[in-house]
Amino acid sequence: MSNNVIVSKFGSIALSTAEMVRKTAEIIMSDPSRRYVVASAPGARHAEDVKITDMLFILNSRYENRENFNEMLKRVRDRFAEIIQGLGINFDIDAEIAVVKKNLFFGKGNDFIVSRGEYIMAKILAEYLGWQFIDAASLIFFGKEGRIDQEKTFTATSRILEKTEHAVIPGFYGSIGGTGIKLFPRGGGDTTAAVISRAINAGLCEKWTETTKIYSADPSIVGNPEVIRHITYEELKQLTYMGINVLHEDVILLMQNMGIPLGIRNIFDIDDEGTGVTDELPPESRRNVAACIAGRRNYRIMHIEKFGLNRLTGIGQKVFGIFTERNISCEHYMSGIYRFSIVVKNPLFDLKRPEIIQALNDAIHPEKITVEKNLSLITVVGQGMGTVKGIFAKIFDAIAEAGIKVRMIEQGSDDLNIIIGVYDDDYENTVRALYSAMILS
Ligand code: ASP
């Protein structure tokens, strides 16, 4: 399909009221390349409000627990009715709600009931735009083990959309086993948009949400950080690890290396170009090598010391095995000559610490095991971090000048990040020092 087609996904806030739907429609119509729109279910209108998806989860569980579900069904109906009325369109919401009720009684199950939030909203939006509605169940197919059957999905989607000029498609679900419906994980409308973009080889996939921009450092620490204008999928993965959840990992994996850029846009700031995610940075991009300073507090670092450790084989395997058996992931590890150190996340580690130490003593008889608490990990993320000259010097000058003691350093072999471990008390100062050295100058 033509490469200038845009697939646009609108999140729940963008479709939360009639006014927001009008605004969304204006965005859609402002670019003729926006031919396929993926819709979420209406979101919360204010802080105390409940989004339709959550109401539908409650509705189904009330039905299954034989509790009174009618009030919840009515609330769902009224939310949609309010939007329909505000848009002034002709749409029989009671017929749709009757189908939901009938399927509750048929025991269609949670995924079907919850998916009706996006299904009905996509139909309403299609009606308002005068576009075709295409059910995601006829485009996206789950196969065995609940994974997307990519071949079937891409073939069906490209075949159907090839013949469709414009369409609104509900996000968040696909079909399974012929007549069943299966949901993606929460926030899964993004996955729908990614799948469709890949199937038709779109020129651009857009994600429109209310969330603020992607900053190059935490605004609550550095004040008014720069917005990241361009970032690669690989860099975004690093941010995801540090808890900056811009996109679900599945979406990144689907989009990466496909040559399809992703635009992250803000519904409340339409003129802002947002952030572009691509496989490679475009020539017009930015910036210093570093794209972002991100971090997390509250790690632990365990040091295992044993004379002759360097000559022993299978130590790593034993140590990792002990952690794996207890379901604790080793986030990072470093080996010195006689020392093996592992960075783990709290709080699960603290709970299991005595038995881990016991197991390590039994398995490898170390001379000493120590645990340092309150470790923060801060990562300087940027493609080329490992190959550009002088990066280390810049980082450590900045940290030394700020008087911060470094507990560990790790340079990812993937050339994408340098991770610095400091004590939690130094976390904010380190972020500030690195932000001014690596992003601002
Ligand atoms: N409505 C779904 C959720 O709340 C999916 C989405 O918004 O993308 O998670």
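Criteria and thresholds
Residues numbered from 1 in each chain as written. Predicted model: local features only at pLDDT ≥ 70, side-chain atom pairs only at ≥ 80, totals over all residues. Heavy atoms only, no water. Core = buried A, V, L, I, M, F, W, Y, C linked by side-chain atoms within 4.5 Å. Buried < 20%, exposed > 50% of the residue type's maximum accessible area, 1.4 Å probe, protein only. Helix = DSSP H or I, 4+ residues; strand = E, 2+ residues; numbered from the N terminus. Contact = heavy atoms within 4.5 Å. 1 Å grid on protein atoms, 1.4 Å probe; cavity = no way out; pocket = protein on both sides within 12 Å on 5 of 7 lines; lining within 4 Å. Points joined across faces, edges and corners; volume = space filled by probe spheres on them. Pairing = 2+ DSSP bridges. Axes fitted to C-alpha atoms, helices over the stretch in contact; angles between N-to-C directions. Parallel < 35°, antiparallel > 145°, perpendicular 65-115°, else oblique. Left-handed = near helix turned anticlockwise from the far one by under 90°. Salt bridge = Lys/Arg side-chain N within 4 Å of Asp/Glu carboxyl O. Expected span 1.5 Å × (residues − 1).

(A) How the structure looks around the nonpolar core. Judged by nonpolar contacts, the single largest core of 103 residues is most densely connected at Ile124 and Leu125. In terms of residue count, helix α5 (residues 110–129) provides more of this core than any other element does, 11 residues in total. Beyond its immediate chain neighbours, meaning those up to four positions away, leucine 125 contacts Leu15, Val21, Ile28, Val37, Ala39 and Val168. Core analysis: the second largest hydrophobic core is formed by 23 residues, Val222, Ile391, Ile399 and Ile420 among them.

(B) Geometry of empty space enclosed by the protein. Under the criterion given, the structure shown has one cavity of 30 Å³ or more. Taken as a whole, the largest cavity spans an internal volume of roughly 40 Å³. Around the largest cavity, the lining residues are Lys9, Asp190, Ala193, Cys205, Glu206, Lys207, Leu247, Val251 and Leu262. Elements with a contribution of two residues or more to the lining of the largest cavity: α7 (189–200) and β8 (204–209). At three residues, the largest contribution of residues to the lining of the largest cavity is made by β8.

(C) Representation of the pairing of strand β10 (residues 262–266). Within β10, five of the five residues are buried, which leaves the element mostly enclosed by the surrounding structure. With burial as the criterion, each face of β10 is covered, one bearing Leu262, Ile264 and Asn266 and the other bearing Gly263 and Arg265. Where β8 lies against β10, five bridges are found, and the strand directions are parallel. Looking across to β10, one finds that tryptophan 208 is bridged to arginine 265. The sheet contact formed by β10 and strand β11 (residues 275–278) spans three bridges and is antiparallel. Note on β11: the bridge partner recorded for glycine 263 is glycine 276.

(D) Seen up close, the packing of helix α1 (residues 18–29) against helix α3 (residues 70–87). In contact at an axis separation of 8 Å, α1 and α3 are set at 55° when each is read in the N-to-C sense. One way to sum up the angle between α1 and α3 is to call them oblique. Crossing hand, α1 versus α3: right-handed. Seen from α1, the contacting residues are Ala18, Val21 and Arg22; seen from α3, they are Ile83, Gly86 and Leu87.

(E) Quick peek at the sheet that holds β11. Reading across from one edge, β3-β5-β2-β1-β8-β10-β11-β9 is the order of the eight strands in this open sheet, with mixed pairing throughout. Each having just a single partner strand, β3 (132–133) and β9 (230–232) make up the two edges of the open sheet. One ladder, built from five bridges, connects strand β1 (residues 6–10) with β8; its direction is parallel. Pairing of valine 7 across the sheet is with cysteine 205, part of β8. Contacting β1, β2 (34–39), β5 (167–170) and β8, α7 runs over the sheet at an angle of about 175° to β1. Running over the sheet, helix α9 (residues 233–241) touches β9, β10 and β11 and is turned about 85° from β9.

(F) Fine view of the pattern of salt bridges. Per the counting criterion, the structure on display carries 25 salt bridges. Residue arginine 79 is joined to aspartate 49 by a salt bridge in which the shortest nitrogen-to-oxygen separation is 3.5 Å. Placement of arginine 79 in helix α3 and of aspartate 49 in the loop between β2 and α2 (52–64) is noted, with a sequence separation of 30 residues between them. We note that arginine 79, like aspartate 49, is buried. For the salt bridge of arginine 186 with aspartate 54, the shortest nitrogen-to-oxygen distance reads 3.0 Å. Placement of the pair is arginine 186 in the loop between β7 (180–183) and α7 and aspartate 54 in helix α2, with a sequence separation of 132 residues. Using a relative accessible area of 42% as the deciding quantity, one classes arginine 186 as partly exposed. In this structure aspartate 54 comes out as partly exposed when scored by relative accessible area, which is 27%.

(G) Layout of α5. Across its 20 residues, α5 extends 30 Å between first and last C-alpha, which sits within 8% of the 28 Å expected from 1.5 Å per residue. In terms of burial, α5 is a largely internal element, 15 of the 20 residues being buried. With its phi angle positive at about 75°, glycine 130 sits one or two positions after the end of α5.

(H) How the structure looks around the side chain of threonine 240. Locating threonine 240 in the fold gives a position in helix α9. With a relative accessible area of 11%, threonine 240 lands in the buried category. Once residues within four sequence positions are removed from consideration, threonine 240 is found in contact with Asn245, Leu247, Glu249 and Ile252.

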